[in-house]
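Residue-level structure breakdown
The lines below spell out each chain.
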Amino acid sequence: MTAAWAPGALEGGGLGRLLLVEDDAGDALLIEEFLADSGLRAELTWVRSLAQAREVLAAGESPGCVLLDLHLPDAQGLEGLHAMLAAAPRAAVIVLTGLAEEEAGLTAVAVGAQDYLVKGQLESQWLGRAIRYAAQRKQVALSAAELQAERLRAAENARLERGLLPRPLISSDRPDVVTRYRPGRAHSLLGGDFFDVVESADGALHAVIGDVAGHGAAEAAMGVCLRVAWRSFVLAGLSGARLVGLLEDLLLAERDDTEAFVTLTSVTLPPEQDRALIVRAGHPGLLCYDAAGEVHLVEPPGGIALGMVPGLGGWSEEEVPLPPGGGLVLFTDGLFEGRTGPDGERLDLTGLLELARAAARTGVDSEAFVDALVNGAEAASADHDGLEDDVAVIHLGWRRP
């Protein structure tokens, strides 16, 4: 049976429904009267047994607080409390005990109830106050549990993503490699941009940088898949346009969205040679600098992005001179697409080139050079939402003897 008065939210507690589980009709009527006099505005549902309470909960009722007698026809003592906590895990539970059962009430609180009340000592003001406090304590407990669960999930995700971030596979001290990664997703370590660097057995230095269209977890997973595949192909002796074609085959096999595409640049620096072999697939150009600090933008001919028009990539390996003592900087578009003005102005490649030339004139080393690019791009867009997209940067070169 259901008894209702002044339906609405419980003042100060956000509690709209109360469930009373009490087999004694006299005690139930007394509690109803006390509730009416307490000033609480709520809707009361009264049932006589644990089985009836389960039926009410199964039907979709979500009470903010349950008043539970510890002596029911189908449950005695803590047995009923455990069953109610399982059936209504988000509800505050106040157990009702007899005059000689205060110890049982304390035990009930110790195992999960928010409070206990002695039926022979009930008064309107104490009942209303107990319900309010129990509801607040339950809400605090739920919030604390959810916060702890979120912290654990965040820590686990961080461990997973750190494990997926690439570590350049360098076997000698000749390569001068610097990498930086900044994800665009909030609270994330890994985004849709990907990169990797491998020094092969013949001494050649290989690098890839790419951008999976989109910014979600699926794009991040695809980026990891392509990066791992690229490393495997390089270690198997593949390079150039053939390798890029195999990456497209993999993308077509793994993607869920038929419109998903990937831009990338793959670079090989042959050992003991001042040149770079570059394959571009819809990706931005790269920066090239020399020992004197001169920087220019290199945009070798390239094909379309992977997956854009399957089978029609048109990729080719282009040779670009590498100045003695110089290097290359590969990057994704997140580095230069941050807004720098109120009317949608962006840093663009022209602004990035200016940042690079300013950094090169100071004669800094490769790590400071890369950091100057990233920090400069962030500073330029700081007043206009910052760098919202993923950013990946690779510096490649040979250390001077």
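Residues numbered from 1 in each chain as written. Predicted model: local features only at pLDDT ≥ 70, side-chain atom pairs only at ≥ 80, totals over all residues. Heavy atoms only, no water.

So, the confidence of the model for the protein
Should the pLDDT be low somewhere, the predicted coordinates at that spot are not to be read in detail. For the protein, per-residue confidence averages 85 on the pLDDT scale, and 91% of positions sit at 70 or higher. Overall, residues 1–14 carries pLDDT values under 50, and its contacts beyond four positions in sequence, including any with other chains, amount to 37 contacts. (pLDDT = per-residue confidence, 0-100. Contact = heavy atoms within 4.5 Å.)

With respect to the nonpolar core
With 24 residues, the main nonpolar core has Val-21, Val-66, Leu-68, Leu-81, Met-84, Val-93 and Val-95 as its most contacted residues. Elements represented by at least two residues in this core include exactly strand E2 (17–21), helix H2 (50–58), strand E4 (65–69), helix H3 (78–87), strand E7 (92–97) and strand E8 (115–118). When near neighbours in sequence (up to four residues on either side) are disregarded, Met-84 contacts Val-21, Leu-50, Ala-53, Leu-57, Val-66, Leu-68 and Val-93. Of all hydrophobic cores here, the second largest spans 22 residues; its members include Ile-209, Ile-278, Leu-322 and Leu-396. (Core = buried A, V, L, I, M, F, W, Y, C linked by side-chain atoms within 4.5 Å. Buried < 20%, exposed > 50% of the residue type's maximum accessible area, 1.4 Å probe, protein only. Helix = DSSP H or I, 4+ residues; strand = E, 2+ residues; numbered from the N terminus.)

Re helix H6 (residues 217–235)
Here H6 is 19 residues long and its end C-alpha atoms lie 27 Å apart, about the 27 Å a rise of 1.5 Å per residue gives. Those residues of H6 that sit buried are Ala-220, Met-222, Gly-223, Val-224, Leu-226, Arg-227, Ala-229, Trp-230, Arg-231 and Val-234. Downstream of H6 by one or two residues, Gly-237 has phi in the positive range, about 100°. (Expected span 1.5 Å × (residues − 1).)

Structural notes on the pattern of salt bridges
Between side chains of opposite charge, a pair can form as their charged atoms come close. In the structure shown here, the tally under the stated rule is 14 salt bridges. The closest approach of N and O atoms between Glu-61 and Arg-17, which form a salt bridge, is 4.0 Å. Placement of Glu-61 in the loop between H2 and E4 and of Arg-17 in strand E2 is noted, with a sequence separation of 44 residues between them. Here Arg-182 ties to Glu-378 by a salt bridge, and the two come within 2.8 Å at their closest N and O atoms. A residue pair is termed long-range when its members are at least 10 positions apart, and Arg-182 in strand E9 (residues 178–182) and Glu-378 in helix H9 (residues 366–381) qualify at 196 residues. Looking at Arg-182, the relative accessible area reads 25%, which means it is partly exposed. Classification of Glu-378 by relative accessible area gives partly exposed; the value is 28%. Taken together, the shared-partner salt bridges connect Glu-22, Asp-27, Asp-69 and Lys-119 into one network. (Salt bridge = Lys/Arg side-chain N within 4 Å of Asp/Glu carboxyl O.)

Examining the side chain of Asp-211
Here Asp-211 is to be found in strand E11 (residues 205–212). Accessibility expressed as a relative area gives 10% for Asp-211, which makes it buried.

Overview of the packing of aromatic side chains
A complete count under the given rule lists three aromatic pairs for this structure. Aromatic side chains Tyr-289 and Phe-369 sit 5.3 Å apart centroid to centroid with 55° between the ring planes, which places their arrangement in the tilted category. You can see Tyr-289 sitting in strand E14 (residues 286–289) and its partner Phe-369 sitting in helix H9, a full 80 residues away along the chain. The same class applies to Tyr-289 as to Phe-369, namely buried. Over the face of the ring belonging to Trp-398 we find Arg-174, whose NZ or CZ atom lies 4.3 Å from the ring centre. (Phe/Tyr/Trp six-rings, centres within 6.5 Å; stacked < 30°, edge-to-face > 60°. Lys NZ or Arg CZ within 6 Å of the ring centre and 35° of its normal.)

Remarks on H3
Within H3, the full set of buried residues consists of Gly-80, Leu-81, Ala-83, Met-84 and Leu-85. Looking at the buried positions of H3, the neighbouring elements they touch are E2, H2, E4, strand E6 (75–76), E7 and helix H4 (102–110).

Digging into the environment of His-384
Within the secondary structure, His-384 sits in the loop between H9 and strand E18 (391–397). Residues His-384 and Gly-341, spaced 43 residues apart in sequence, show a C-alpha to C-alpha distance of 6.7 Å. Excluding anything up to four places from it in sequence, His-384 contacts Arg-339, Thr-340, Gly-341 and Pro-342.

Focus on a nonpolar patch on the surface
Among the surface-exposed residues, Ile-304, Met-308, Val-309 and Leu-312 lie close enough to one another that they form a single nonpolar patch of about 340 Å² accessible area. Position of Ile-304 relative to the elements: it lies in the loop between strand E15 (295–298) and strand E16 (318–321). (Patch = residues over 30% accessible without salt bridge, like charges linked within 9 Å, V, L, I, M, F, W, Y side chains within 5 Å. Areas by Shrake-Rupley, 256 points an atom, 1.4 Å probe, with all protein chains shown as cover.)

Here's the deal with the packing of H6 against helix H7 (residues 240–254)
Any two packed helices are characterised by how steeply their axes cross, that is the angle between the axes, and by the distance between the axes. Relative orientation of the contacting elements H6 and H7 amounts to 145°, with a least axis distance of 10 Å. In this structure, the crossing between H6 and H7 has a hand that is right-handed. Here Met-222, Cys-225, Leu-226, Ala-229, Trp-230, Phe-233 and Val-234 of H6 come into contact with H7, specifically with Leu-243, Leu-246, Leu-247, Leu-250, Leu-251 and Glu-254. Within the contact of H6 with H7, the residues separate by chemical class into 12 nonpolar, no polar and one charged. (Axes fitted to C-alpha atoms, helices over the stretch in contact; angles between N-to-C directions. Left-handed = near helix turned anticlockwise from the far one by under 90°. Nonpolar A, V, L, I, M, F, W, Y, C, P; charged D, E, K, R; others polar.)

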